[in-house]
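# Descriptive structure summary
Each chain is listed here by its residues.
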Amino acid sequence: MEKDNVLASFSLEGKVALVTGATYGIGFGIATALAQAGAKIAFNARKPEQIDHAVAEYAKLGIEAHGYQCDVTDEASVRRHHQAHSHDPDERPGLPPGGGH
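The rules behind each value
- Residues numbered from 1 in each chain as written.
- Predicted model: local features only at pLDDT ≥ 70, side-chain atom pairs only at ≥ 80, totals over all residues.
- Heavy atoms only, no water.
- Salt bridge = Lys/Arg side-chain N within 4 Å of Asp/Glu carboxyl O.
- Helix = DSSP H or I, 4+ residues; strand = E, 2+ residues; numbered from the N terminus.
- Buried < 20%, exposed > 50% of the residue type's maximum accessible area, 1.4 Å probe, protein only.
- Pairing = 2+ DSSP bridges.
- Axes fitted to C-alpha atoms, helices over the stretch in contact; angles between N-to-C directions.
- Contact = heavy atoms within 4.5 Å.
- Phe/Tyr/Trp six-rings, centres within 6.5 Å; stacked < 30°, edge-to-face > 60°.

With that settled, the discussion passes to the pattern of salt bridges. Inspection of the entire model under this criterion finds 2 salt bridges. For Glu75, the salt bridge is made with Arg79, and the minimal N-O distance between the two is 2.6 Å. Remark: Arg79 and Glu75 occur in helix H4 (residues 75–85); sequence separation between them is 4 residues, near one turn of the helix. In this structure Arg79 comes out as exposed when scored by relative accessible area, which is 53%.

This is the structure we're talking about:
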């Protein structure tokens, strides 16, 4: 099996990856790797300024990322986020493990 064929089998082209804790550290690294595999990146943060900072950092790497304000430690916040975004098939992400707080 050729190397290109093996890598193609791991392609995330056309997929959206939602990575929690992706504003810095391990989560940022995981999201970056998923983007390199072709995924669109979505992430959450509790504060708008965290989102703005992370989007700018991803942009420096040539990665288009979308941040959403959502506190994953608050069930009501997660439910609101899910209701607001689950209607769009392009925003139904996979859920890789990310960094945590």
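With that out of the way, let us pick up the sheet that holds strand E2 (residues 40–45). Here we have 3 strands laid out as an open sheet, ordered E1-E2-E3, and parallel in their pairing. Looking along the sheet, the strands with just one partner apiece sit at the ends: strand E1 (16–19) and strand E3 (65–69). Adjacent strand axes in the sheet meet at a mean angle of 25°, parallel and antiparallel pairs treated alike. Set on the sheet, helix H2 (residues 25–36) makes contact with E1 and E2; between it and E1 the angle comes to about 175°.

Across all of its chains, the model carries 2 aromatic pairs by this definition. Between Phe43 and Tyr58 the ring centres are 5.7 Å apart and the planes differ by 40°, which places this aromatic pair in the tilted class. A residue pair is termed long-range when its members are at least 10 positions apart, and Phe43 in strand E2 and Tyr58 in helix H3 (residues 48–60) qualify at 15 residues. The residues Phe43 and Tyr58 share a single accessibility class, namely buried. An aromatic cluster of at least three residues, connected via ring pairs, comprises Phe28, Phe43 and Tyr58.

Structural measurements only, silent on function.
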